[in-house]
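Understanding the architecture of this molecule
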Amino acid sequence: MSAFWYYVFTLVFFLFDYFILAMGLNIQYGETGILNFAYIGFVAIGAYVTGAASLPNSAGTGQQYIMGWGLPFPFNLLLGGLVASAVAVLVALIALRRLRTDYLAMVLVSLSLVLYDVINNYVPLFNGADGLYNVPQPMAGIFHLTTNSFIPFFAVVTGLVALLMWFIMSRIMNSPLGRTFRAIRDDDGVAGALGKNPFGYKLTSMIIGAFYAGVGGGLIIQFGGSFNPTAWLPGETFVVFAVIIVGGVGNNVGMLVGALLVETLLIHLPAFLPEIPGHPGLIEYIDTMVVGVLLMVMLWFRPQGVVPERVRKSAGMLADRARGRGRQLTTASEGQGKSGE
Amino acid sequence: MSDNVTPTTGAPVYALQCQDLKKAFQGVLAVAGATFDVPQGQITALIGPNGAGKTTVVNLLSGMMPSDSGRMQLVGTDVTNWPSHKIARRGLMRSFQLSRELGGLTVLENLLVAPKHQAGESLFNIFFRPLAVRREERENVERALETLKTYGLYDLRDNRARELSGGQKKLLEIARAVMAQPKVLLLDEPMAGVNPALIDRIGEYILDLKASGVTVLMVEHNLNVVEKICDHVIVLAEGRTLATGKLSDLRANQDVVQAYLGEVINASTHG
C-alpha cells in the first residue's frame, strides 16, 4: 500500500473514531447539559482496559498491567466500554447529585486530573508513564493481515462500529428518553416539576456517553497498538468539545461534520503535510492554535454549529398521521375549542 | 392539621394541607408558620402583599425547595420535603411566576415530556419493546394535539417554545401541566403580564379544570379574577396565614384590609 493510502485510511480511522467520541460527549453535553470536562478520562479508561484485556499475561512482557486475559475483539472493546460506564456511575454519584454546571465542571476537571495522576504513577495498573504497548492487532491472525493491510481493514471495522453506534444513538435521541434528556438540559427544575428525576436521567446519560468514550478509546489503542498518558492530557477533552461545537451540538450529523473538520482536517491531516522549510515541527504546533481560533469564531458567529440541532419533525410526522386518523373524531369538537392567538 | 376524610366516602376533604410551614433565607423568614388547607376539587386563591411568601409557599409545596420545618400533605399523603419529581408523580403539577418553558423543545414536545412513566423513557423498552413505545407515543401525541387545540396553541406546535409570546408561554405551562393529568395544580400568577382578553380565557380554562375534578391553588393579585373564579381564599402576610374564607367575607376583615386589600383597593382607586 502506498504512503498516500496509508495516510488516507489513518484519517478515515480518526474520522470514525472521533465521530463515536463526539456522539458520546454530545449525549452528555448537547442533549443533557452535563459539562463533562473529564470526558477524555473515560476515553483513557476504555483504551487501557481494552488494551490490558487484549494483552497476554504480563509476566515476561516487560510491562506491568492488570488483567492480561488475551481477550479477542469485540469482547475486549465491550469490556472497555462497560468499565468506562461503571466508572461513570461512581463519578456521577460523587459529582452529579448535588452540583450543577460550573461547579460540576470544576469537580469533573479535578477528577480527571486525579485519574491522570493515579494511572501515570501507579505502575502496576497500566504500566505507569510508559503506558501499554504491543497491544495485538485485532483479527490480524484470522484474516492474515500485515502491518500495512491492517490499517485499511481496521479503518473499515471502525466505520462499521461507528455506523452501529450511530444507529443506537439515533434511536435513543429520537425516543421519549432523548426528549427527556433535552428537557433536563433546558431546565432541570421544570423537568423535576414534571415528575422526571433529573439525577436518574443524568446518570443514564453519563453511562451511555462513557460507554461511547470507552469504545472510542478501545479502538484507538487497538489501531495504534499503544497508549500512554501523553495521549490523554486533560486538554484533549477540549478537542472533543471543539468537534461537537463546530459540528453542531445536539445533532449526530453535526458530530460527523465536526469530526471531519476538527479532528481529521485540522488535527491529523497537518501531521502528513510536508514540513515548512526552516521550521521543522511547526505545523504540528499550529494545528492546536487553529482549532482554538476556529472554536472562538464558531462561538461568536455560529454558536449552533455547522449543522444545527434540528426541530424534531418526527413528532410532527406522528402528529400529522394522528391528525389524519383523528379527523373524524376531532371535527365535532373543533368548534368548541378556543381559537388560537 | 384538621381531619382530612369525608365521613361517608372516606375520600380526603382537602387536596393539600400545610401546617406551620417555615422557610428562612439567610436568617430572614420568608415563610413564618403558614398553616392552611386547600379543599378538594375547588379553586383556591393565595393572595397577599408583595413579599408575603406566596411564591415560596408554592415552591415548598411543589418540592422545588425544602422547608425548614412544618408538614405538608398531598391528598392524604405526607409529602414533607419530598423532591419535586416525587411530588409531581403523586399528581401535583405547577406553573411558574416567570414562565419556564423548555425553550429548545417544540411546543408539542413540551407537552410530550409531561406524561408520567412513559415506556419510551427506558433504554430496555426502546430496543426491546419498540412497538409498545411507538403505540404509547402515538396516543400521547394525539392527546397533546387535542390539548394544544383546546389551549389555542395548535398552529404553533412545531415552533420552538422559546419563540412564543409571554401570554402564549403562560398557556403552554398550563397545557403542559394538564397533559400530566394532575390531581392538584399550583398556578403562580397565571394572569401576570397577560392581556385582558387572554385573562378571561385563562379564567375559563381554570374553571374547565375544576369541572374535570382538578384542585387548583393559584397565586393571584387580580382580585376581579379571584372574585370571579375562586371558591376559597387564603391570605398570607409576612409569611403567615392571616385569614381564610370567601373573598366577600374577607373584605370585612380589618386585618386583611389593613395588610392587603386596602392597599389593592387604594391602588385601583388612584390608578
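Residues numbered from 1 in each chain as written. Chains lettered and ligands numbered in written order. Predicted model: local features only at pLDDT ≥ 70, side-chain atom pairs only at ≥ 80, totals over all residues. Heavy atoms only, no water.

Comments concerning the overall build of chain B
For chain B, the helix and strand inventory stands at 10 helices and 10 strands. Against the compact-globule benchmark of 18 Å for 271 residues, chain B has a radius of gyration of 19 Å, which places it among compact chains. If you line up chain B on its principal axes, its C-alpha atoms span 65 × 45 × 40 Å. By the burial criterion, 55% of the 271 residues in chain B qualify as buried. Long-range pairs, those at least 24 residues apart, make up 65% of the contacts in chain B between residues at least 6 apart in sequence. Element-wise, carbon and sulfur atoms account for 50% of the exposed surface of chain B, whose accessible area totals about 11,300 Å². Of the charged side chains in chain B, 29 are positive and 29 negative, and the gap between their average positions amounts to 6 Å. (Helix = DSSP H or I, 4+ residues; strand = E, 2+ residues; numbered from the N terminus. Rg over C-alpha atoms; globule rule 2.2 N^0.38 Å. Buried < 20%, exposed > 50% of the residue type's maximum accessible area, 1.4 Å probe, protein only. Contact = heavy atoms within 4.5 Å. Areas by Shrake-Rupley, 256 points an atom, 1.4 Å probe, with all protein chains shown as cover. Lys, Arg positive; Asp, Glu negative; His and termini not counted. Charge placed at Lys NZ, Arg CZ, Asp CG, Glu CD.)

Thoughts on unusual backbone geometry
Of note, the amide linkage connecting A:Phe73 to A:Pro74 takes the cis form, showing an omega dihedral of 5°. Mapped onto the elements of the fold, A:Pro74 is located in the loop between α2 (39-54) and α3 (75-95). A positive phi angle, close to 50°, is found at B:Gln181, a residue other than glycine. Here B:Gln181 is to be found in the loop between α6 (166-179) and β7 (184-188). Residues other than glycine seldom take positive phi values, yet B:Glu238 does so here, at roughly 50°. Within the secondary structure, B:Glu238 is located in the loop between β9 (232-237) and β10 (240-245).

Digging into the packing of helix α6 (residues 147-173) of chain A against helix α9 (residues 198-224) of chain A
Residue and element names in this part refer to chain A. At a minimum axis distance of 11 Å, the contact between α6 and α9 shows a crossing angle of 175°. With respect to α9, the element α6 is oriented roughly antiparallel. The residues of α9 that touch α6, namely those facing Phe150, Ile151, Phe154, Thr158, Val161, Met165, Ile168, Met169 and Ile172, are Ile208, Phe211, Tyr212, Val215, Leu219, Gln222 and Phe223. Along the lines of polarity and charge, the residues of the contact of α6 with α9 split into 14 nonpolar, 2 polar and no charged. (Axes fitted to C-alpha atoms, helices over the stretch in contact; angles between N-to-C directions. Parallel < 35°, antiparallel > 145°, perpendicular 65-115°, else oblique. Nonpolar A, V, L, I, M, F, W, Y, C, P; charged D, E, K, R; others polar.)

Section: the sheet that holds strand β5 (residues 77-78) of chain B
Residue and element names in this part refer to chain B. Read from one edge of the open sheet, 4 strands run β2-β1-β4-β5, paired in antiparallel fashion. Two strands close off the open sheet at either side, each with one partner strand: β2 (28-39) and β5. Bridge count between strand β1 (residues 14-25) and β2: 9 bridges; the pairing is antiparallel. Note on β2: the bridge partner recorded for Tyr14 is Pro39. Its contacts with the sheet place helix α1 (residues 54-61) against β1, β2 and β4 (69-74), and it is angled at close to 65° to β2. (Pairing = 2+ DSSP bridges.)

Here we look at the nonpolar core
The tendency in soluble globular proteins is for nonpolar side chains to be buried side by side. A:Leu132 and A:Leu219 are the most contacted members of the largest nonpolar core, which has 89 residues in total. The leading source of residues in this core is α9(A), at 13 residues. Setting aside anything within four residues of it in sequence, one finds A:Leu132 in contact with A:Tyr48, A:Gly51, A:Ala52, A:Leu55, A:Gln63, A:Tyr65, A:Phe126, A:Asn127, A:Ile221, A:Gly225, A:Ser226 and A:Phe227. Ranked by size, the runner-up nonpolar core spans 61 residues in total, among them B:Leu102, B:Ala180, B:Leu187 and B:Val256. (Core = buried A, V, L, I, M, F, W, Y, C linked by side-chain atoms within 4.5 Å.)

Notes on the interface of chain A and chain B
With 46 residues of chain A in contact, the opposing surface of chain B contributes 51 residues. Both faces considered, chain A and chain B share a buried interface measuring about 4,200 Å² in area, 57% of it formed by carbon and sulfur atoms. One can count 4 salt bridges joining chain A with chain B. Between A:Arg179 and B:Glu137 there is a salt bridge, with the nearest N and O atoms lying 2.6 Å from each other. Counting across the chain A and chain B interface gives 16 residue pairs in polar contact (both at pLDDT 80 or more). Elements supplying a minimum of two residues to the side of chain A that touches chain B: α6, α7 (176-186), α8 (188-193), α9 and α13 (313-334) of chain A. No other element matches α13(A), which puts 13 residues into the side of chain A that touches chain B. Residue composition of the side of chain A that touches chain B, by class: 16 nonpolar, 12 polar and 18 charged. (Buried area = accessible area lost by both parts, 1.4 Å probe. Salt bridge = Lys/Arg side-chain N within 4 Å of Asp/Glu carboxyl O. Polar contact = N/O pair within 3.5 Å; in protein donor to acceptor, adjacent residues only side chain to side chain.)

Some remarks on the packing of aromatic side chains
One pass over the structure, following the stated rule, counts 22 aromatic pairs over all chains. A ring pair is formed by A:Phe150 and A:Phe154, whose centres lie 5.3 Å apart and whose planes are at 20°; its orientation type is stacked. With A:Phe150 and A:Phe154 both in helix α6 and 4 residues apart, the pair spans about one turn of that helix. You'll find A:Phe150 and A:Phe154 in the same group, each marked buried. Relative to A:Phe223, the ring of A:Phe154 has its centre 6.4 Å away and its plane inclined at 25°; by these criteria the two rings are stacked. Here A:Phe154 is found in helix α6, whereas its partner A:Phe223 is found in helix α9, with 69 residues between them in sequence. A cation over an aromatic ring shows up here: B:Arg100 above the ring of B:Phe96, its NZ or CZ 4.5 Å from the ring centre. Geometry around B:Tyr154 places B:Lys149 over its ring, the cationic atom sitting 5.2 Å from the centre. (Phe/Tyr/Trp six-rings, centres within 6.5 Å; stacked < 30°, edge-to-face > 60°. Lys NZ or Arg CZ within 6 Å of the ring centre and 35° of its normal.)

Considerations on the domain arrangement of chain B
Residues and elements named next belong to chain B. Under the domain assignment, chain B is made up of domain 1 (14-101 + 173-270) and domain 2 (104-163). Each of domain 1 and domain 2 has a C-alpha centre, and these two points are 28 Å apart. Taken together, the contact between domain 1 and domain 2 spans 14 residues of the former and 15 residues of the latter. Both sides of the domain 1 and domain 2 interface together cover about 1,300 Å² of buried area, and 65% of this is carbon and sulfur. Of all residues in domain 1, the largest losses of buried area upon contact with domain 2 belong to Ala175, Met179 and Tyr205, amounting jointly to 46% of the total for that side. Put simply, domain 1 and domain 2 have 0 salt bridges between them. If you look at where domain 1 meets domain 2, you find 3 residue pairs in polar contact (both at pLDDT 80 or more). Going through the elements one at a time, α2 (84-89), α6 and α7 (196-211) are the ones with two or more residues in the side of domain 1 that touches domain 2. With 5 residues, α6 is the largest single contributor of residues to the side of domain 1 that touches domain 2. Residues that form the side of domain 1 that touches domain 2 fall into these classes: 8 nonpolar, 2 polar and 4 charged. (Domains from an automatic or database assignment.)

What to know about the pairing of β7(B)
All names here are of chain B. Counting buried positions over the 5 residues of β7 gives 5, a clear majority of the element. The alternating pattern of β7 places Val184, Leu186 and Asp188 on one face and Leu185 and Leu187 on the opposite face, and all of these are buried. Where strand β6 (residues 92-94) and β7 come together, 3 bridges link them in parallel fashion. Among the inter-strand pairings, Met93 is bridged to a residue of β7, identified as Leu185. Looking at chain direction, β7 and strand β8 (residues 215-219) are connected through 5 bridges and run parallel. In the strand pairing of β8, Leu185 is matched with Val216. In this fold, β7 hands off to α7, which returns the chain to β8; that crossover is right-handed. (Right-handed = clockwise from strand over helix to strand, strands pointing away.)

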